[in-house]
Amino acid sequence: MSLQASTTDTLSHFRTAHDFEAFGEFTSVEEFLALRSTALQSGRSVFILGNGSNTLFARKTVGTAVLKNRLRRWIEPVDRNTVEVSSSCQISELIRYCNKQGLETCWYLASVPATVGGAVAMNAGRGREHGITVMDFIQSVCFIDTDGHEQRVTPSELGVSYRNTRFTGVKPELITSVIMRFPDAETDEDLARQRVRWAREHQDHSGPNCGSVFKKASPGIIRRLRGFRLLPGAHYSRKTDNWIINRSKSHRPVLWLIRIVQLLHRVRRQRAIPEVILVK
């Protein structure tokens, strides 16, 4: 098991093409530890990749070690309302499981192409104004710490804030599984299916994208940039605020669209914080 050079456009939902100096896939914790050790010994940062649904590789040649999570996908019941689920499991798989069991779930993530590990790492939720996130269902998170030890912690120990946890960003700690408790559903409505229909109507899927670009930004600035492009190949969506639609294999058009928003905020002595993870 070793890190390899790789050239691909499949690791981010922006579908930009990059030369990766150090890429590896792991199917076990042992393989992960070996890859991480090699990366850290060579002085590289480590980024653990799920589906790449909120990732922008910000250089043509990526020096960060990118480790793809290929752990076995599983959902195991603990009791009627509690399950343990692997970090590699798709969030959509978990929602379908809960629906079949008659359990309430994080239905608002049904349109998000994320893994459970990715959703937990970024504290995925419905939006700041709604105040509900995947953390509402989490009892504990099992992860491999920087010393290679397995730890199980509660949400109160994860440094949780809006779209952020201790695992957010370029971090070397691997979430392996999550214990989640879901109450009995109070309605027979398929809220997940309704969410998918809503997303098709209101969200812009006309080209590769990673959903919301900023987790903190002025709505006024974002709104005025609808349809704006700086370089050919990418533009802010005309349909969905705070989304970038990309049709370029280069990361630069996307990166410059992010930078222009940050510059406009600095001019007004404000701050725009990206939700997408920038990996160099």
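Notes on the structure follow. (Residues numbered from 1 in each chain as written. Predicted model: local features only at pLDDT ≥ 70, side-chain atom pairs only at ≥ 80, totals over all residues. Heavy atoms only, no water.)

## Re the pattern of salt bridges
Filter applied, for reference: Each reported salt bridge corresponds to a side-chain nitrogen of Lys or Arg within 4 Å of a carboxyl oxygen of Asp or Glu. Each helix corresponds to a stretch of at least 4 residues labelled H or I by DSSP, and each strand to a stretch of at least 2 residues labelled E; elements are numbered beginning at the N terminus. Working definition: with a 1.4 Å probe on protein chains only, accessible area under 20% of the residue-type maximum means buried, over 50% means exposed, and in between means partly exposed.
Scanning all chains against the criterion turns up 11 salt bridges. Here Glu-84 and Arg-152 are joined by a salt bridge, their closest N and O atoms 3.0 Å apart. With a gap of 68 residues between them, Glu-84 in strand 8 (residues 82-86) and Arg-152 in strand 10 (residues 150-153) connect regions that are remote in the sequence. Given the relative accessible area of 17%, Glu-84 is considered buried. Under the relative-accessibility criterion, Arg-152 is labelled partly exposed at 40%.

## Brief notes about helix 2 (residues 91-100)
Using the following cut-off: Comment: arc refers to directions from the helix axis out to C-beta atoms. In this analysis, two residues are considered to be in contact whenever any of their non-hydrogen atoms come within 4.5 Å of each other.
Within helix 2 the residues assigned to the buried category are Ile-91, Leu-94, Ile-95 and Cys-98. Buried residues of helix 2, viewed axially, fall in a sector of 100 degrees; they line one side. At its buried positions, helix 2 is contacted by strand 7 (75-79), strand 8, helix 3 (116-121), strand 11 (174-181) and helix 4 (191-202). A positive backbone phi angle near 70 degrees is found at Gly-102, which sits one or two residues after helix 2.

## Some remarks on the packing of aromatic side chains
Any aromatic ring pair is given by two values, namely how distant the centres are and how the planes are angled relative to each other. Convention followed: By convention, a stacked pair of Phe, Tyr or Trp rings (six-membered ring in the case of Trp) has centres within 6.5 Å and planes under 30 degrees apart, an edge-to-face pair has planes over 60 apart, and any other such pair is tilted. Lysine NZ or arginine CZ positioned within 6 Å of the ring centre and within 35 degrees of the ring normal marks a charge as sitting over the ring.
Counting across every chain of the model gives five aromatic pairs. Note on Trp-107 and Tyr-108: the rings are 5.6 Å apart at their centroids and 75 degrees apart in plane angle, and the pair reads as edge-to-face. Over the ring of Trp-256 we find Arg-259; its NZ or CZ atom is 5.2 Å from the centre of that ring.

## Some words on the nonpolar core
This is how it is decided: Residues belong to a common nonpolar core when they are buried Ala, Val, Leu, Ile, Met, Phe, Trp, Tyr or Cys residues joined through side-chain atoms within 4.5 Å.
Ranked by size, the top nonpolar core spans 33 residues in total, and within it Val-178 and Met-180 carry the most contacts. Elements with a minimum of two residues in this core: strand 8, helix 2, helix 3, strand 9 (138-144) and strand 11. Setting aside residues no more than four positions away along its own chain, Met-180 makes contact with Asn-81, Thr-82, Val-83, Val-85, Leu-94, Val-134, Phe-137, Ile-138 and Gln-139. In this structure, Ile-221, Leu-255, Leu-257 and Val-276 belong to the second largest nonpolar core, which totals 20 residues.

So far we have only geometry, and geometry alone does not tell us how the molecule works.
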